[in-house]
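In case you want the letters, here they are:
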Amino acid sequence: MSAQESRTPGWVTERLAARLPYLRRRGLLTQAVRMFFTARGYTEVETPYAVPTPGEEVHLAAMATARRDTDGAVTPLWLQTSPEFAMKKLLAGGAGPIFQLARAWRDGEGSATHAAEFTMLEWYRPGATMDDLIAETMTLLRAVLPPAVTCRGVTTALDRFEVISIGEAFDRYIGVDVLASVGDADRLAAASGVALRPDESWEDLFFRLMLGRIEPQLGRDRPSFITGWPAPLAALARRDPADGRVAERFELYVCGMELANAFVELTDPVEQRARFVADRARRHAMNGKPDWPLDEELLAAVGMMPDCAGIALGFDRLAMIASGAPRITDVLWM
């Protein structure tokens with residue numbers, strides 16, 4: 001068969017052939033992850049992808065869809081940005097330790113390490129602390145990856161890891177007491193030696209500094225767990241009982257990439273509602289942002305959840321790390 005005959009409009013078979021080694025490694029990784037959680041007593045769950053409320057994260061854009069019922073009525077729905085809300089309802093119902101390899105969608109995303117449609121590995125462990133979840137995450141990585149991994153030119157050894165707080169990271173790499181500046185963009189800009197951009201909020205500047213000056217230092221020779229996030233930046237996490245300025249949240253970096261985001265989960269429905277209302281007000285203030293109903297079922301479930309910790313890990317990025325693929329599209333069956 002000629003090269004021309006192997007092609008159909010929009011589809012190039014040679015492109016798949018070049019990616020097959022990465023995709024086969026992804027398949028083995030999927031099996032290993034399922035075996036890991038099953039052996040540890042987790043139940044695999046599958047929650048709906050099309051939901052009435054995709055989340056309340058201000059800066060994530062959801063994709064709209066709809067369901068037509070047999071009587072002709074049309075129900076507006078959204079492709080989930082995360083399975084978190086649905087899985088928390090299961091926790092409240094007594095499901096126990098659960099995990100899911102879920103499809104998720106975030107509109108307007110696309111780069112060598114981002115895809116608008118992707119797979120999220122999410123798991124929740126009742127009774128777990130942040131330290132427990134960090135330890136379990138490292139156990140997972142060591143179980144499904146070789147002792148050292150190389151991706152996008154960065155080699156990370158898994159025999160050790162670091163845990164540093166956001167405050168320590170800003171002090172180490174920028175020389176700033178970031179917690180003292182929360183909510184004050186001018187103060188953070190002056191302390192960091194940068195010019196504040198027009199209409200740039202404290203949160204916007206925080207993430208500009210994170211992306212430009214801190215993240216390039218993380219998860220290189222060893223995995224980095226970044227803890228102690230400012231409380232306003234962790235809408236679903238519990239405040240740290242030892243320091244109310246921060247929330248019990250961590251992010252994980254491996255091979256220089258952000259790989260996971262984790263919380264010790266908030267179980268106070270009154271505080272959760274207040275946070276959602278504040279986030280919705282911020283989103284509504286942004287021109288052109290869509291709206292959806294507040295998830296009252298989730299708010300009821302939050303008050304019934306056991307104390308637990310949960311984590312969302314980018315499975316496609318884990319597949320990149322496992323296979324050494326340079327682009328996220330190399331590990332997507334497309």
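In what follows, the structure referred to is the one given above.
Residues numbered from 1 in each chain as written. Predicted model: local features only at pLDDT ≥ 70, side-chain atom pairs only at ≥ 80, totals over all residues. Heavy atoms only, no water.

Participant: Any chance you could explain unusual backbone geometry here in plain terms?
Facilitator: Working note: non-glycine residues mostly have negative phi, and peptide bonds are mostly trans. Of note in this structure, R152 is not a glycine but carries a positive phi near 55 degrees. Its place among the elements puts R152 in the loop between β9 (148-151) and β10 (154-157). A residue is classified by how much of its surface remains accessible, and R152, at 44% relative accessible area, is partly exposed. Of note in this structure, C255 is not a glycine but carries a positive phi near 55 degrees. The exposure class of C255 is buried, given its relative accessible area of 3%. (Helix = DSSP H or I, 4+ residues; strand = E, 2+ residues; numbered from the N terminus. Buried < 20%, exposed > 50% of the residue type's maximum accessible area, 1.4 Å probe, protein only.)

Participant: Can you walk me through the sheet that holds strand β15 (residues 243-247) in this structure?
Facilitator: Across a sheet, paired strands are connected by hydrogen bonds in the backbone, their directions being either parallel or antiparallel. Spatially, β13-β15-β14 is the arrangement adopted by the three strands of the open sheet, whose pairing is antiparallel. Bordering the open sheet on either side are β13 (229-230) and β14 (239-240), each of which pairs with just one other strand. As paired strands, β13 and β15 are joined by two bridges and run antiparallel to one another. Paired with W229 across the two strands is A247, which belongs to β15. (Pairing = 2+ DSSP bridges.)

Participant: Just checking my understanding: could you explain helix α7 (residues 269-284) for this structure?
Facilitator: Each turn of an α-helix holds 3.6 residues, which means side chains three or four residues apart point in the same direction. Between its first and last C-alpha atoms α7 spans 22 Å; for 16 residues at 1.5 Å apiece the expected length is 22 Å, and the two agree. Within α7, the full set of buried residues consists of Q272, R275, F276, D279, R280 and R283. Projected down its long axis, α7 carries its buried residues within an arc of 135 degrees, all on one side. Its buried side turned inward, α7 meets α2 (84-92), β14 and α8 (296-302). At the N-terminal boundary of α7, the capping side chain belongs to D268, with an oxygen 3.0 Å from the backbone nitrogen of V270. (Expected span 1.5 Å × (residues − 1). Arc of directions from axis to C-beta. Contact = heavy atoms within 4.5 Å. Polar contact = N/O pair within 3.5 Å; in protein donor to acceptor, adjacent residues only side chain to side chain.)

Participant: What's the story with the sheet that holds strand β6 (residues 74-79) in this structure? I'm lost.
Facilitator: Within the open sheet, the three strands sit side by side as β4-β6-β5. Their pairing is antiparallel. Single-partner strands in this sheet number two, and they are β4 (50-51) and β5 (63-68). Pairing analysis gives six bridges linking β5 to β6, with the strands arranged antiparallel. Residue M63 lies in a different strand from β6, and its bridge partner there is L79.

Participant: How do you make sense of the environment of G108 when you look at a structure like this?
Facilitator: By secondary structure assignment, the location of G108 is in the loop between β7 (98-105) and β8 (117-126). Judged by relative accessible area, G108 falls into the exposed class, the value being 77%. Along the chain, G108 and M63 lie 45 residues apart, while their C-alpha atoms are 9.5 Å from each other.

Participant: Whenever I open this one, the pairing of β7 confuses me. Can you help?
Facilitator: Remark: a regular strand shows side chains that alternate across the two faces of the sheet. Most of β7 sits inside the fold, with seven of its eight residues counted as buried. Here two bridges tie strand β3 (residues 43-44) to β7, and the two strands are oriented parallel to one another. Following the sheet pairing, E44 is matched in β7 by F99. Direction of pairing for β7 relative to β8: antiparallel, over a ladder of eight bridges. From the neighbouring strand, W105 faces β8, where its bridge partner is E117.

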